[in-house]
Amino acid sequence: MTPPRRAEGPSPQINTREPIIQEPEQSESEATRRDADVTESSRANRGWWDQNADDYQIEHGTFLGDDRFVWGPEGLDEVEAELLGPPEDLKGKDVLEIGAGAAQCSRWLAAQGARPVALDLSHRQLQHALRIGGPVPLVEADAGALPFADGSFDLACSAYGALPFVADPVRVLREVRRVLRPGGRFVFSVTHPLRWAFPDEPGPEGLSVSASYFDRTPYVEQDDEGRAVYVEHHRTVGDRVRDVVAGGFRLLDIVEPEWPAWNTQEWGGWSPLRGNLIPGTAIFVCLRD
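In this text, all values refer to a predicted model and were calculated from it rather than measured experimentally.

### Focus: the environment of W196
So, step 1. Checked against the element boundaries, W196 lands in the loop between β7 (180-191) and β8 (219-222).
So, step 2. On the basis of relative accessible area, W196 is assigned to the buried category, the value being 15%.
So, step 3. The spacing of W196 and H233 is 37 residues in sequence and 9.9 Å in space, taken between C-alpha atoms.
So, step 4. Every residue in contact with W196, bar those within four places of it in the chain, is listed here: R33, A211, T217, Y219, E232, H233 and H234.

In structure tokens:
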């Protein structure tokens, strides 16, 4: 794992509301299914998010907002879901957001009176957090090696951050448990495991099973020298439950958001067509006893 470091302070160019644009590196990648260990997964995904953060924020920034807490492409909002607890109970709580991206969720938490810290593996994503601004501390670090003392936080959350991309989710869960105080919740969302059996397509072609749900082989995009440039790991629902328990948590709930009528957008393989038929997101609500 790479050593943690805080994001650098904003430059005059970054500290504006104008989008940051980088010319992406032109490279060809091949999609395959193969093993990828902790180190390779971390290196590949740091590089991928650094390279693609600009496009991601441009494409999805409006939906995510600057200070909105959304659990996934369905649009389930924490203000309604209250998976971390009632908003009025967040005041004064120390909260760690893992895989924070541009720290939209952390800004919402700060607006409720919480004291959030936004952590992400990608320096470029955190530069977007600096661009948007706000009082949230930003930390660049790997979720498998959190740079915080034991019992530093009351709550932790992760909306599609870290857990889908790490080779050893139990290591991450144990780290989160370590930095939580007794009685603290960790709530995280990931791609619903069922979706791995279907093509990642928003249209009718994404409704037919094309692979084994039980095949845990990671999805890897690699360059022409065979080096991974993006890695995503599959866990079944049972795997996720066992990971939570092995990480030292008690599982309180698994939330599977339904696709709401107001949401007409497509986001990658997520769409109203598929969302009305099969789940796209799974949210795990965990308690540190």
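### A short note on the packing of aromatic side chains
So, step 1. Taken as a whole and judged by the stated rule, the model has 16 aromatic pairs.
So, step 2. A ring pair is formed by W48 and W49, whose centres lie 4.8 Å apart and whose planes are at 80°; its orientation type is edge-to-face.
So, step 3. Considering the side-chain rings of F69 and W108, the 5.9 Å spacing of their centres and the 85° angle between planes classify their relative orientation as edge-to-face. Of the two residues, F69 sits in the loop between α1 (38-64) and α2 (78-81) while W108 sits in helix α3 (residues 104-111), which places them 39 residues apart along the sequence.
So, step 4. Residue class for W108 comes out buried when judged on its relative accessible area of 9%.

### Notes on empty space enclosed by the protein
So, step 1. On inspection of all chains with the given rule, the structure shows one cavity of 30 Å³ or more.
So, step 2. Its boundaries defined by the atoms lining it, the largest cavity holds a volume of some 50 Å³.
So, step 3. Taken together, P164, V190, T191, H192, P193, W196, E232, H233, H234, R235 and R240 make up the full set of residues lining the largest cavity.

### Examining the packing of helix α5 (residues 169-179) against helix α6 (residues 237-246)
So, step 1. Across the interface, α5 lies against α6 with an axial gap of 8 Å and an inter-helix angle of 40°. With respect to α6, the axis of α5 lies oblique. Regarding α5 and α6, the two cross each other, and that crossing is right-handed. Taking contact as the criterion, the partners of P169, V170, L173 and R174 in α5 are, on α6, R240, D243, V244 and A246.
So, step 2. In the contact of α5 with α6, the residues fall into five nonpolar, no polar and three charged.

### Quick notes on the confidence of the model for the protein chain
So, step 1. In the predicted model, the protein chain carries a mean pLDDT of 91, and the fraction of residues at 70 or more is 91%.
So, step 2. Contacts of residues 1-24 to residues separated by more than four positions or lying in other chains number 46 contacts, the stretch itself having pLDDT below 50.

### Some remarks on α6
So, step 1. Taken residue by residue, α6 has D239, R240, D243 and V244 as its buried positions. The buried residues of α6 occupy an angular sector of 135° when projected down its axis, which confines them to one face. Residues R242 and V245 are exposed on α6 and point more than 90 degrees away from its buried face.
So, step 2. Looking at the buried side of α6, the elements it contacts are α5, β7, β10 (250-255) and β11 (281-287).
So, step 3. Phi turns positive one or two residues past the end of α6, at G248, with a value near 95°.

Criteria and cut-off values
- Residues numbered from 1 in each chain as written.
- Predicted model: local features only at pLDDT ≥ 70, side-chain atom pairs only at ≥ 80, totals over all residues.
- Heavy atoms only, no water.
- Helix = DSSP H or I, 4+ residues; strand = E, 2+ residues; numbered from the N terminus.
- Buried < 20%, exposed > 50% of the residue type's maximum accessible area, 1.4 Å probe, protein only.
- Contact = heavy atoms within 4.5 Å.
- Phe/Tyr/Trp six-rings, centres within 6.5 Å; stacked < 30°, edge-to-face > 60°.
- 1 Å grid on protein atoms, 1.4 Å probe; cavity = no way out; pocket = protein on both sides within 12 Å on 5 of 7 lines; lining within 4 Å.
- Points joined across faces, edges and corners; volume = space filled by probe spheres on them.
- Axes fitted to C-alpha atoms, helices over the stretch in contact; angles between N-to-C directions.
- Parallel < 35°, antiparallel > 145°, perpendicular 65-115°, else oblique.
- Left-handed = near helix turned anticlockwise from the far one by under 90°.
- Nonpolar A, V, L, I, M, F, W, Y, C, P; charged D, E, K, R; others polar.
- pLDDT = per-residue confidence, 0-100.
- Arc of directions from axis to C-beta.

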